[in-house]
Amino acid sequence: MSRIGKLPVHLPAGVTVTFENGIVTVKGSKGTLTQQIVGDIDIKVNGAEAIVEKTADNSDANAKHGLYRALLHNMVVGVTDGYTRTLKVNGVGWKVAKQGNKLVMNVGFSHPVEFVEPQGIKLECPTPNEIKVSGIDKTLVGQTAANIRTVRIPEPYHGYGIAYSDEVIERKEGKTGGKGKK
């Protein structure tokens, strides 16, 4: 039995949840999100909370019970507060800038790398070495941040690369010269 699935989802003022034909829609001050619900799962709204219930007791419903409750909670948080992921750019002479709907990154290549802002995502560059990815969909924010990070994954010797702001990069010592055979 899912402990997460049994917890009700608190709905702040101004958030509405509707469930029709296997699609849950969450509307809030920042926008609207939809999610398809597959399987023996039902969502009921009682006042200021939504409850995710299983309509059958099989392994498929048990597996998806907590998943859909977590997705519903992420949608409610997204339409009220939104999600933000911050990336740090670390390298000598490396910088990023926003030009229109593109993120232009000079990160050690012979050419600048352009990253087009996806629909529903806002990219910002508060400083030349910082990127902020924000939006209402948690999975889209996380995937966009991961796609930007793959342009230059942090390396362990100097720490150069694009890393999450809360990421800890394990540093390696590197080679020590002159201590070989005599």
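For the structure itself, look to the data block above.
Residues numbered from 1 in each chain as written. Predicted model: local features only at pLDDT ≥ 70, side-chain atom pairs only at ≥ 80, totals over all residues. Heavy atoms only, no water.

Asker: Explain the environment of Lys-138 to me, please; I cannot follow it from the model alone.
Answerer: Here Lys-138 lies in helix 3 (residues 138–149). Linking Lys-138 and Arg-85, residues 53 residues apart in sequence, is a C-alpha distance of 9.6 Å. The contacts of Lys-138, once residues within four sequence positions are left out, are Asn-74 and Tyr-83. (Helix = DSSP H or I, 4+ residues; strand = E, 2+ residues; numbered from the N terminus. Contact = heavy atoms within 4.5 Å.)

Asker: What is the right way to read the nonpolar core from this model?
Answerer: Buried together is how nonpolar side chains tend to be arranged in soluble globular proteins. Counting residues in hydrophobic clusters, the biggest one holds 19 residues, and the most contacted among them are Leu-87, Leu-103, Met-105, Ile-131, Val-133 and Ile-148. Of all the secondary structure elements, the ones that give two or more residues to this core are strand 7 (83–90), strand 9 (102–106), strand 10 (113–116), strand 11 (121–124), strand 12 (130–135), helix 3 and strand 13 (161–164). Once residues within four sequence positions are removed from consideration, Met-105 is found in contact with Lys-95, Val-96, Pro-112, Val-113, Phe-115, Ile-131, Ile-148, Val-151 and Ile-162. With 18 residues, the next largest nonpolar core counts Val-24, Leu-33, Ala-50 and Tyr-68 among its residues. (Core = buried A, V, L, I, M, F, W, Y, C linked by side-chain atoms within 4.5 Å. Buried < 20%, exposed > 50% of the residue type's maximum accessible area, 1.4 Å probe, protein only.)

Asker: What should I look at first to understand helix 2 (residues 59–80) in this one?
Answerer: Between its first and last C-alpha atoms helix 2 spans 33 Å; for 22 residues at 1.5 Å apiece the expected length is 32 Å, and the two agree. Along helix 2, the helix axis deviates most sharply at His-65, where the bend reaches about 30 degrees. By the burial criterion, the buried members of helix 2 are Ala-61, His-65, Gly-66, Tyr-68, Arg-69, Leu-72, Met-75, Val-76, Gly-78 and Val-79. Residue Gly-82 follows helix 2 closely and has a positive phi angle near 85 degrees. (Expected span 1.5 Å × (residues − 1). Bend = angle between axes of the 7 residues up to and from the residue.)

Asker: In this structure, what is going on with the sheet that holds strand 6 (residues 49–54)? I would like to understand it.
Answerer: The antiparallel open sheet is built from three strands, whose spatial order is 1-6-5. Here the strands that pair on one side only, and so sit at the sheet edges, are strand 1 (9–10) and strand 5 (41–46). Sheet topology places strand 5 next to strand 6; six bridges connect them, and they run antiparallel. Note that in strand 6 the partner of Ile-41 across the bridge is Lys-54. In this fold helix 2 packs onto strand 1, strand 5 and strand 6, with an angle of close to 165 degrees to the strand it touches most, strand 6. (Pairing = 2+ DSSP bridges. Axes fitted to C-alpha atoms, helices over the stretch in contact; angles between N-to-C directions.)

Asker: What's the story with the side chain of Thr-86 in this structure? I'm lost.
Answerer: Relative to the helices and strands, Thr-86 is located in strand 7. Given the relative accessible area of 16%, Thr-86 is considered buried. Once you skip the residues sitting within four places of it in the chain, Thr-86 turns out to touch Glu-130, Ile-131, Lys-132, Ala-163, Tyr-164 and Ser-165.

Asker: Would you explain the pattern of salt bridges in this entry?
Answerer: Pairing between side chains of opposite charge can happen when the charged atoms of each approach one another. All chains considered together, the criterion is met by ten salt bridges. As a salt-bridge pair, Arg-85 and Asp-166 come within 3.5 Å of each other at their nearest N and O atoms. Of this pair, Arg-85 sits in strand 7 while Asp-166 sits in the segment after strand 13, and the two are 81 residues apart along the sequence. Classification of Asp-166 as exposed rests on a relative accessible area of 57%. Two residues, Glu-114 and Lys-102, come together in a salt bridge whose shortest N-O distance is 3.3 Å. Of this pair, Glu-114 sits in strand 10 while Lys-102 sits in strand 9; the two residues are twelve residues apart in sequence, bridging distant segments of the chain. On the basis of relative accessible area, Lys-102 is assigned to the partly exposed category, the value being 31%. (Salt bridge = Lys/Arg side-chain N within 4 Å of Asp/Glu carboxyl O.)

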